[in-house]
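Here's the letter readout for the chains.
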Amino acid sequence: MKRLNQSELSAVMAPVEKARGLPNAFYTDPELFELEKKTVFEKNWSCIGFGKDIPKPGDARPVTFAGIPLLTVRDRQGQVRVFQNVCRHRGMKLIEEPTTFKSVIRCPYHSWCYELDGALRSTPHVGGVGRNTHPDIDRDGLGLFEVRSKVWMDVIFVNISGDASEFDDYAGHLMERWSEFDGKQVFHGGPNSSLTFEVKCNWKLAVENFCESYHLPWVHPGLNSYSKLEDHYNIVETNAYSGQGTQVYNPQLDATGRRFADFAGLSSKWDAAAEYIALFPNVQLGVHRDHFFVIHLEPLDVGTTREYIEIYYASEDMCGDAMGDLRAAHAAAWNEVFAEDVFVIEGMQQGRHAPAFDGGKFSPVMDTATHCFHHWVAGRFETG
Amino acid sequence: MSGNGDLNMRILAGHASGDFAGLSDLYAEAGLNAEANGEIDRACFFFTQAYVFALDAGSTAAAADLRAKLVSYGREL
Ligand code: FES
Ligand SMILES: [Fe+2]
């Protein structure tokens with residue numbers, strides 16, 4: 001691995017007017033990607049999926065995150081829990097496919113059974129055939145390894161290292177900023193409201209492109225008709241999140257006079273405002289008065305990222321058959337925007353193999369959100 | 001004995017089909033047969049199998065009964 005160079009990190013941490021972007025190695029070096037799994041993904045609150053994918057008690061999904069096999073499950077009380085997907089006996093992976101547990105999590109190897117809260121319930125034949133106890137098998141100390149988790153805006157966040165600050169502190173600024181949306185019941189639009197992309201770029205380029213509006217008139221000329229560059233503002237919260245907002249969000253009626261219902265109780269700020277924010281490291285959210293979306297970035301390797309995009313609405317009615325065609329059109333419109341971004345994030349990835357590229361020169365005005373993210377990443381390496 | 005051979009076949013079929021509630025009942029039946037013959041270790045093997053499959057199937061009442069039986073023989077907590 002190219003040795004992490006403190007002066008290069010300091011150059012990233014400098015004020016935006018003077019700063020350089022992250023060096024090429026942050027996008028191209030597999031060893032640095034391995035280090036990033038620890039310092040960036042495990043030590044912070046990272047997104048691993050969505051509550052809507054495990055809607056009922058007992059529903060469970062396996063997830064691999066940063067190379068770690070995890071198991072997400074909704075327990076009897078309706079709470080999402082995350083465990084390392086491994087049996088305490090011989091280390092068998094517990095589940096391979098999404099499933100619904102009727103009562104216990106039974107290991108497929110020797111059938112040790114765990115409660116949905118992780119407690120070890122049964123250890124068949126552990127003391128010999130037909131003898132399910134043994135003095136040296138202390139069930140209390142042999143529950144599943146639970147991972148610290150939190151669900152916010154239906155996003156399942158985990159802190160694998162267990163030592164990050166509380167989620168409510170970590171994301172506190174954003175929870176405050178969007179307090180009008182926080183705590184509202186949200187309704188996923190169903191199968192036609194999920195989009196997936198697999199892109200040939202490092203996950204950070206997807207973050208960087210998402211949080212800036214500088215590219216809109218060039219890459220998304222179609223958005224320009226209702227969302228001109230001068231209607232956008234930068235959002236920068238050092239060491240927390242960054243993104244962009246617009247002042248002219250204006251959902252149109254369709255040909256039959258329908259539109260999606262608004263979230264209840266929003267202040268007038270949201271009549272025409274919409275905001276798009278990357279909560280570091282790997283989740284991006286967009287809020288509007290009548291819908292929000294979440295993008296989960298799954299880093300597959302240093303140069304490959306999967307994006308899961310999920311669209312939510314304000315009421316159950318918006319998710320029924322009567323609105324199905326409207327949801328499909330809405331998802332198609334967003335899909336077009338995200339598809340327009342693919343060539344730039346993949347092109348930036350290719351550009352980072354140019355040895356002379358020095359991280360780039362930020363616009364002190366237009367690139368503050370991007371710099372905020374670089375500053376955060378560089379800071380993880382300084383302290384980690 | 002032909003009854004046991006048939007039970008054995010049904011247990012194998014239950015494993016193949018993944019019908020765990022049915023499998024639990026079959027193992028419980030095998031356990032009761034062994035218990036009636038005074039073969040307690042063998043019975044507890046079958047009751048354990050029945051208990052685990054009842055847990056898996058979410059057959060709460062059956063699981064509780066089987067657990068109580070195993071506890072009475074000092075085989076379960
Ligand atoms: S490895 Fe899970 S029960 Fe043996
Ligand atoms: Fe874009």
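Residues numbered from 1 in each chain as written. Chains lettered and ligands numbered in written order. Predicted model: local features only at pLDDT ≥ 70, side-chain atom pairs only at ≥ 80, totals over all residues. Heavy atoms only, no water.

### Observations concerning the overall build of chain A
Looking only at helices and strands, one finds nine helices and 18 strands in chain A. The C-alpha atoms of chain A give 23 Å as radius of gyration, which agrees with the globular expectation for 384 residues (21 Å, within 12%). Projected onto its principal axes, the C-alpha coordinates of chain A cover approximately 75 × 60 × 30 Å. In chain A, the share of contacts with a sequence separation of at least 24, taken over all contacts with a separation of at least 6, comes to 66%. (Helix = DSSP H or I, 4+ residues; strand = E, 2+ residues; numbered from the N terminus. Rg over C-alpha atoms; globule rule 2.2 N^0.38 Å. Contact = heavy atoms within 4.5 Å.)

### Some words on the interface of chain A and chain B
Each side of the interface is counted separately: chain A has 16 residues, and chain B has 18 residues. In total, about 1,400 Å² of surface goes out of reach between chain A and chain B, with carbon and sulfur atoms giving 53% of it. Applying the counting criterion to the chain A and chain B interface returns three salt bridges. With a shortest N-O distance of 2.7 Å, A:R106 and B:D56 are connected by a salt bridge. In terms of residue class, the side of chain A that touches chain B is built from four nonpolar, seven polar and five charged. (Buried area = accessible area lost by both parts, 1.4 Å probe. Salt bridge = Lys/Arg side-chain N within 4 Å of Asp/Glu carboxyl O. Nonpolar A, V, L, I, M, F, W, Y, C, P; charged D, E, K, R; others polar.)

### Examining the domain arrangement of chain A
All names here are of chain A. The domains assigned to chain A are domain 1 (47-159) and domain 2 (178-357). Taking only C-alpha atoms into account, the centre of domain 1 sits 33 Å from that of domain 2. Approximately 1,200 Å² of surface area, both sides summed, lies buried where domain 1 meets domain 2, with 73% of it carried by carbon and sulfur atoms. Taken as a group, F50, W152 and M153 account for 48% of the area that domain 1 buries against domain 2, more than any other trio of residues on that side. For the interface between domain 1 and domain 2, the tally reads one salt bridge. Between K52 and E310 there is a salt bridge, with the nearest N and O atoms lying 3.2 Å from each other. (Domains from an automatic or database assignment.)

### Description of the packing of helix α3 (residues 40-57) of chain B against helix α4 (residues 60-72) of chain B
Residue and element names in this part refer to chain B. Remark: α3 packs on α4, axes separated minimally by 9 Å, with the N-to-C direction vectors making an angle of 150°. By the angle class used here, α3 and α4 are roughly antiparallel. The crossing of α3 and α4 is left-handed. Of α4, the residues touching α3 (which contributes C44, F47, T48, A50, Y51, A54 and L55) are A62, A63, L66, R67, K69 and L70. In terms of residue class, the contact of α3 with α4 is made up of ten nonpolar, one polar and two charged. (Axes fitted to C-alpha atoms, helices over the stretch in contact; angles between N-to-C directions. Parallel < 35°, antiparallel > 145°, perpendicular 65-115°, else oblique. Left-handed = near helix turned anticlockwise from the far one by under 90°.)

### Focus: the side chain of A:H215
Residue and element names in this part refer to chain A. Note that H215 resides in the loop between α6 (203-210) and α7 (216-219). At 3.2 Å, the side chain of H215 and the side chain of D341 are in polar contact. Leaving out residues up to four positions away in the same chain, H215 has contacts with N209, H220 and D341. (Polar contact = N/O pair within 3.5 Å; in protein donor to acceptor, adjacent residues only side chain to side chain.)

### A word on the sheet that holds strand β8 (residues 120-122) of chain A
All names here are of chain A. The sheet built from three strands is open, its strands ordered β6-β7-β8 with antiparallel pairing. Because the sheet does not close on itself, it has two edges, and the strands there are β6 (105-106) and β8. In this structure, β6 lies alongside strand β7 (residues 113-114), joined through two bridges in antiparallel fashion. Each bridged residue has a counterpart across the sheet, and for I105 the counterpart in β7 is Y114. (Pairing = 2+ DSSP bridges.)

### Description of the nonpolar core
Counting 97 residues, the largest nonpolar core has A:L70, A:W152, A:W178, A:L279 and A:L285 as the members making the most contacts within it. For this core, the element with the highest residue contribution is helix α8 (residues 324-351) of chain A, accounting for eight residues. Not counting chain neighbours up to four residues away, the residues in contact with A:L279 comprise A:W152, A:F157, A:A171, A:L174, A:A240, A:Y241 and A:L285. Residues A:V104, B:V52, B:F53 and B:A63 belong to the second largest nonpolar core, which totals 23 residues. (Core = buried A, V, L, I, M, F, W, Y, C linked by side-chain atoms within 4.5 Å. Buried < 20%, exposed > 50% of the residue type's maximum accessible area, 1.4 Å probe, protein only.)

### A word on the pattern of salt bridges
All names here are of chain A. Considering all chains together, one arrives at 30 salt bridges over all chains under this definition. Between E146 and R81 there is a salt bridge; the shortest N-O distance is 3.1 Å. Separated by 65 residues along the polypeptide, E146 in strand β9 (residues 146-152) and R81 in strand β4 (residues 80-84) bring together distant segments of the chain. Judged by relative accessible area, which is 41%, E146 ranks as partly exposed. Residue R81 is classed as buried on the basis of its relative accessible area of 16%. One salt-bridge network, held together by shared partners, links K52, D53 and E310.

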